[in-house]
Amino acid sequence: MTFAYPGGDAGPVTVTGPFGDFSIAVKRSSTSIQGEAGEALDGTANVRVKLPTLTDLEACIEQTRDPASKPDDKDAFLNARDACLQKLAPAPGGADVVAGLRIGLLADKGDSSGEDGFVDLRLRYEGESRAPDGAMTVEPLPSQCLLEK
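Once a new chain begins, its residue numbering starts again from 1 and follows that chain's sequence as written. The model is predicted, so local features are restricted to residues of pLDDT at least 70 and side-chain atom pairs to those at 80 or more, both for listing and for counting; the totals for chains, interfaces and linings are taken over all residues. Computation of side-chain values covers all heavy atoms of the structure but excludes hydrogens and water.

Novice: Which residues make up the environment of Thr2, and what values do they have?
Specialist: Strands are runs of DSSP state E lasting at least two residues, helices are runs of H or I lasting at least four, and both sets are numbered from the N terminus onward. In this fold, Thr2 is placed in strand S1 (residues 2-4). The class of Thr2 is partly exposed, set by a relative accessible area of 22%. With 15 residues separating them in the primary sequence, Thr2 and Gly17 have C-alpha atoms 6.5 Å apart. Note on exposure labels: buried denotes an accessible area under 20% of the residue type's maximum, exposed denotes more than 50%, and partly exposed covers the range between, all computed with a 1.4 Å probe on protein chains only.

Novice: Explain the pattern of salt bridges to me, and be specific about the residues and the numbers.
Specialist: Salt bridges are defined by distance alone: a side-chain nitrogen of Lys or Arg within 4 Å of a carboxyl oxygen of Asp or Glu. Counted according to the given criterion, the structure contains 7 salt bridges. Note that Arg81 and Asp82 form a salt bridge whose closest N and O atoms lie 2.8 Å from each other. Taking relative accessible area as the criterion, Asp82 reaches 35% and is therefore assigned partly exposed. Connected via shared salt-bridge partners are Asp120, Arg122 and Glu139.

Novice: An account of the side chain of Glu58 is requested, with residue identities and associated values reported.
Specialist: Counting through the fold element by element, Glu58 comes out in helix H1 (residues 54-64). In this structure Glu58 comes out as buried when scored by relative accessible area, which is 9%. Polar contacts, as used here, are pairs of N or O atoms within 3.5 Å; protein pairs need one atom able to donate a hydrogen and one able to accept it. Residues neighboring in sequence count only if both atoms are side-chain atoms. From its side chain, Glu58 meets the backbone nitrogen of Arg130 in a polar contact 2.7 Å long.

Novice: Could you give an account of the packing of H1 against helix H2 (residues 74-87), with specific residues and numbers?
Specialist: Fitting a line to C-alpha atoms yields each axis, with helices limited to the stretch in contact; the angle taken between N-to-C directions then spans 0 to 180 degrees. Contact geometry of H1 with H2 gives a least axis separation of 8 Å together with a crossing angle of 120°. One way to sum up the angle between H1 and H2 is to call them oblique. Judged by the twist between their axes, the crossing of H1 over H2 is right-handed. Two secondary-structure elements touch here, H1 through Leu57, Cys60, Ile61 and Thr64 and H2 through Phe77, Ala80, Arg81, Ala83, Cys84, Leu85 and Lys87. Polar here means any residue outside two lists: the nonpolar Ala, Val, Leu, Ile, Met, Phe, Trp, Tyr, Cys and Pro, and the charged Asp, Glu, Lys and Arg; Gly therefore counts as polar. Of the residues in the contact of H1 with H2, the class split is 8 nonpolar, 1 polar and 2 charged. These descriptions rest on fixed angle ranges, namely under 35 degrees for roughly parallel, over 145 for roughly antiparallel, 65 to 115 for roughly perpendicular, and the rest for oblique. Two helices crossing with the near one rotated counterclockwise from the far one by less than a right angle form a left-handed crossing, whereas a clockwise rotation gives a right-handed crossing. The contact definition used throughout considers only heavy atoms, calling two residues in contact when any of these lie within 4.5 Å.

These results come straight from atomic positions and should not be treated as a statement about function.
Next comes the structure, spelled out in structure tokens:
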């Protein structure tokens, strides 16, 4: 996934990747990352992404989930959700979600290796869900992220 930010105290981060292309307006702030001074970009946006519909995803979860698991077993639910996201095709028109983004970077100390930071992207389906906490959230964990500035 690629996250492109033009810089400044506020502006759009353009996200490009397997869920499609979209933008999230963010604000820049100071933060601490494991006790080190840094900065963060935070924002949310309503976007349409390449995911299955909430109805299709929940139906798949019910079929995939271990029948011996309890209804409030969050681990069993998350395992079934992840398996379903791997096998279901995205809805033809995409799915409406609320995208939340937080990017944290350590203050540059002359080391521009780009390895001292984190990306937290969460895609929460609009509407009530049968998920244990009432909201269906997808948390992509891409093997590679690139921040362009």
